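Survey of secondary and tertiary structure
As a plain string of letters, each chain reads:
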Amino acid sequence: MKVISVTNLKGGVAKTTIVYNLAGVLAERKKRVLLIDMDYQANLTTLFEGEDAPFESGANIAKVLVESLPLASAIRETTISGVFLVPADIDLAALDSRFQNDLNAHFLLAELLDSVRDRFDIVLIDCPPNLLLGTRMALVASDAYLVPVGADRFSMRAAMHVQQVADNIRKRANRELKLLGIVMTRVQARRVTRDYVDLFRSRFTSKLLKTQIKERTAIQEAATHGVPITTYEPTGEGAEMFRALADEIKL
Ligand SMILES: Nc1ncnc2c1ncn2[C@@H]1O[C@H](COP(=O)(O)OP(=O)(O)OP(=O)(O)O)[C@@H](O)[C@H]1O
Ligand SMILES: [Mg+2]
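Description of the structure in this document. Quick caveat: nothing in here was measured; it's all calculated off a predicted structure. (Residues numbered from 1 in each chain as written. Chains lettered and ligands numbered in written order. Predicted model: local features only at pLDDT ≥ 70, side-chain atom pairs only at ≥ 80, totals over all residues.)

**Quick look at the nonpolar core**
Nonpolar side chains in soluble globular proteins generally cluster together in the buried interior. Counting residues in each nonpolar core, the largest one holds 81 residues, and the members touching the most others are Leu22 and Leu124. No other element matches helix α1 (residues 15–28), which puts seven residues into this core. The residues touching Leu22, leaving out its near neighbours within four places in the chain, are Leu124, Phe242, Leu245, Ala246 and Leu251. (Core = buried A, V, L, I, M, F, W, Y, C linked by C-beta atoms within 7 Å. Buried ≥ 20, exposed ≤ 12 C-beta atoms within 10 Å, placed from the backbone. Helix = DSSP H or I, 4+ residues; strand = E, 2+ residues; numbered from the N terminus. Contact = placed C-beta atoms within 7 Å.)

**Topic: helix α7 (residues 153–172)**
A rise of 1.5 Å per residue sets the reference length of α7, with its 20 residues, at 28 Å; its end C-alpha atoms lie 29 Å apart and thus fit the reference within 8%. Those residues of α7 that fall on the buried side of the exposure criterion are Ser155, Ala158, Ala159, Val162, Ala166 and Ile169. Angular distribution of buried residues about the axis of α7 spans 100 degrees; they occupy a single face of the element. Pointing more than 90 degrees away from the buried face of α7 are the exposed residues Arg153, Arg157, Met160, Gln164, Asp167, Asn168, Lys171 and Arg172. Taken together, the buried residues of α7 touch α6 (133–141), β6 (144–149) and β7 (178–184). (Expected span 1.5 Å × (residues − 1). Arc of directions from axis to C-beta.)

**Structural notes on the sheet that holds strand β4 (residues 83–86)**
Backbone-to-backbone hydrogen bonds pair the strands of a sheet. The strands run either parallel or antiparallel. Reading across the sheet, the seven strands line up as β3-β4-β2-β5-β1-β6-β7 and stay open at both edges, with mixed pairing between neighbours. Both edges of this open sheet fall to β3 (76–77) and β7, since each of them pairs with a single strand only. (Pairing = 2+ DSSP bridges.)

**Details of unusual backbone geometry**
Most peptide bonds adopt trans geometry, and most residues besides glycine take a negative phi value. Even without glycine at this site, Ala53 takes up a positive phi of about 40 degrees. With respect to the helices and strands, the residue Ala53 is situated in the loop between α2 (43–49) and α3 (61–67). Residues other than glycine seldom take positive phi values, yet Lys250 does so here, at roughly 60 degrees. Within the secondary structure, Lys250 is located in the segment after α11 (237–248).

Rendered as structure tokens:
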């Protein structure tokens, strides 16, 4: 089982979109996938919920962490074959205050994931747009992390902060943690974007992935229809971009 966090303290850089659509690609490849929504905004959960909000009741990652429930009790089947979800809800916002001064809390998610090691090939963790306890727990539990960035100066700074936090976690808690790469998302055909791509490449060198996720309305339309792009337009450019991303990070 390989555990991957998708993380950036910058908001709106397509973290959730990447987790959702990579799940679509992995389902095509017959992988057994577990998605964990670590964001109190619960956007990933919402993408799977549709109209009838099936995950609103019952266990979720907040309950598991705060009330020490078994992780298995919160694993739900999704509409994508082979893909399971541990949903989030707003209670996750209380995580930091709940575990104040408890350094062992950083290891909680890693321990919980150990209990499902044989059930899944890949675990993808959708992190919130901050570097607080939820994200740190995710990085301690991960083999590797992927950092989506937009073509702007704020994303550049944010990606550097993420790397610093990950470096600390590697030193203190998880020696195996690797940077899978930095992926440019929502890329538009504009001069300023090209300039930023050059800037990112000079700063992050080979860690900047070759695959770029371009801004495409079909990606938003697919989410609105409650399916990943690989289902919505299986032969379209959008699906191909996420397949290329999965290939490049060797999923
Ligand atoms: N390649 C793309 N083309 C078009 N729209 C996109 C693309 N990627 C993401 N979006 C849209 O951009 C918005 C932000 O994406 P998303 O929610 O995945 O970002 P995020 O990093 O998870 O945000 P947050 O930090 O709030 O969790 C969403 O409305 C999403 O549908
Ligand atoms: Mg998100």
